[in-house]
Amino acid sequence: MTQSTLLKDASKRLLSVDAFRALTMLCMIFINDLSGVKGMPEWMDHAKGPEDRMGFADTIFPAFLFIVGLSIPLAVGRKISKGESFISIAFSIISRSFALIVMGFFHVNMENYNSASILREPIWEISITLSFFLIWLDYPETLSNLKKYSLMGLGWLILLLMAFLYTGGKPGSPEGLNPSWWGILGIIGWAYLVCAFIFLLGRGKFSIMLIAAIVLALINIVSHETVLHLYWSIIHYTPPAEVTRRTPHLNLWVINDASSASLVMVGTVISLWYSRMRAKDNQQRILTLLAIAGFGAIIAGLLIRPYTEGISKIRSTPSWIFICAGISILVFELMIYLVDYKGKKNWFKFIWPAGTSTLTCYLLPYFQVAIMSLIYFHYPRFLDEGIGGFLRSWAVAFIIVWIGGILEKRRLRLKI
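Residues numbered from 1 in each chain as written. Predicted model: local features only at pLDDT ≥ 70, side-chain atom pairs only at ≥ 80, totals over all residues. Heavy atoms only, no water.

Now, about helix α16 (residues 386–409): what can you tell me, with residues and values included?
Its 24 residues place the ends of α16 35 Å apart at the C-alpha level, agreeing with the 34 Å of an ideal helix rising 1.5 Å per residue. If you check which residues of α16 are buried, you get Gly388, Gly389, Arg392, Ser393, Val396, Ala397, Ile400, Val401, Gly404 and Gly405. Packed against the buried residues of α16 are α2 (15–34), α14 (353–356) and α15 (358–374). Downstream of α16 by one or two residues, arginine 411 has phi in the positive range, about 60°. (Helix = DSSP H or I, 4+ residues; strand = E, 2+ residues; numbered from the N terminus. Expected span 1.5 Å × (residues − 1). Buried < 20%, exposed > 50% of the residue type's maximum accessible area, 1.4 Å probe, protein only. Contact = heavy atoms within 4.5 Å.)

Written as structure tokens, this is what we have:
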């Protein structure tokens, strides 16, 4: 099979990816809302920074990064197979990454919002989220360019005004906007930028993507491993207090410890491999090999756990990456079986907008939380703790996705 044929196959839309993305986004909205509910089991929440463990919440974001990787052959591969120029595809990758990084950057600065600011935080939050919709809305082709660019320009004006009016830090020591970290969307943006360019430069060749995934994983392992650091310390007679110090991260430019890029690239490799195997129509072999890959990654993560600072999402350790990659492969396999093979797309009908208008569904809760804060709305106690809070968070997640579906039908969704 030629490389061009493989790329054409890899660029065909997979309903299993949409279903996986929809399920992941639903869980992300649920987990974000659940963070304010009291009395939830520890295993459902994020593990704390120094802990050597992971909860259900710690598997959601890596699944999303994995799905970004699954989508790269579908998006970038489609452009390559159509014969689009390198510059055109590169501009598309940079534009998409830039949008995610900008949104993540503004969201991160909400964490440091100063109560003494000119605007109340909910107003600032609504304003920047509205500007995101105006700038990156999927405008209909029937809309005139004058109206389209006027609305986009208005969005940029609002965003720049919010940047000017922003005040962070403490009341006595105000600060401006700064990237303390890049936020969920920003991290996705940087990882997508790296992996999509690797895919573009490698023309989607499976062998190159596999090598890239291995290199990125090794960078992450080296940045967290403790055995070599311990050996080096003993050779140089380092005092015990220094030997037990946590290994420094590599912190390479753009990719840092390569944790996010590793998860994205694993998704890219799996997507290309599945496209190749799907062309041969060997369903049983596909499911068997995916199961081996998934469980193999989980076992590998458990085996390296003692030597790479344990399992931790906060510290983005290799064990966490391998285990979450394995879980993501197994869930993707389940989606392949249910949606691609058994045609059970209708099972995901209600949450489907979360897979096709994902960014819209991700941003809608920012309106929800800000409006609730503006009107001083608080859930009654029975919906703020225990089983009541648990059910409330699921209800919120489904309602947000339902609203996203309504907006999608009216072409009010973000597309980057």
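Please set out helix α13 (residues 318–341) residue by residue, giving values where relevant.
For α13, built from 24 residues, the straight-helix expectation of 34 Å at 1.5 Å per residue is met to within 8% by its first-to-last C-alpha distance of 33 Å. When you tally the buried positions in α13, you get 17 out of 24 residues, the bulk of the element.

I'd like a rundown of the nonpolar core, residues and numbers included.
One finds Val76, Ile93, Phe132, Phe332 and Leu363 to be the most contacted residues of the largest nonpolar core, which totals 114 residues. In terms of residues, this core owes the most to one element, helix α3 (residues 60–81), which gives 13 residues. Setting aside anything within four residues of it in sequence, one finds phenylalanine 132 in contact with Met103, Phe106, His107, Leu137, Leu159, Leu363 and Leu414. (Core = buried A, V, L, I, M, F, W, Y, C linked by side-chain atoms within 4.5 Å.)

How would you summarise the packing of aromatic side chains if you had to cite specific residues and measurements?
Per the counting criterion, the structure on display carries 22 aromatic pairs. Between tryptophan 136 and tryptophan 156, the aromatic rings sit 5.7 Å apart at their centres with planes inclined by 70°, giving edge-to-face as the arrangement. Here tryptophan 156 lies in helix α6 (residues 145–165) and tryptophan 136 lies in helix α5 (residues 121–136), a separation of 20 residues in the sequence. In this structure tryptophan 156 comes out as partly exposed when scored by relative accessible area, which is 30%. Each member of the aromatic cluster is reached from another via a ring pair, and the members are Phe98, Phe105, Phe106, Tyr113, Trp124, Phe132, Trp136, Trp156, Tyr166, Trp182 and Trp190. The ring of tyrosine 274 carries arginine 278 above its face, with NZ or CZ at 5.4 Å from the centroid. (Phe/Tyr/Trp six-rings, centres within 6.5 Å; stacked < 30°, edge-to-face > 60°. Lys NZ or Arg CZ within 6 Å of the ring centre and 35° of its normal.)

How would you sum up the pattern of salt bridges? Please name residues and give values.
Enumeration over the complete set of coordinates arrives at ten salt bridges. Among the salt bridges present, the one from aspartate 18 reaches arginine 21, with a minimum N-O distance of 2.8 Å. Here aspartate 18 pairs with arginine 21, and both are found in helix α2, just three residues apart, close to one helical turn. Residues aspartate 18 and arginine 21 agree in their burial class; the two are buried. Across the pair aspartate 33 and arginine 392 runs a salt bridge whose closest N-O atoms are separated by 2.7 Å. Linking aspartate 33 in helix α2 with arginine 392 in helix α16, this pair joins segments that are 359 residues apart in sequence. Considered together, aspartate 33 and arginine 392 belong to a single accessibility category, that of buried residues. Within this structure, Asp138, Glu408, Arg411 and Arg413 form a network of salt bridges that share partners. (Salt bridge = Lys/Arg side-chain N within 4 Å of Asp/Glu carboxyl O.)

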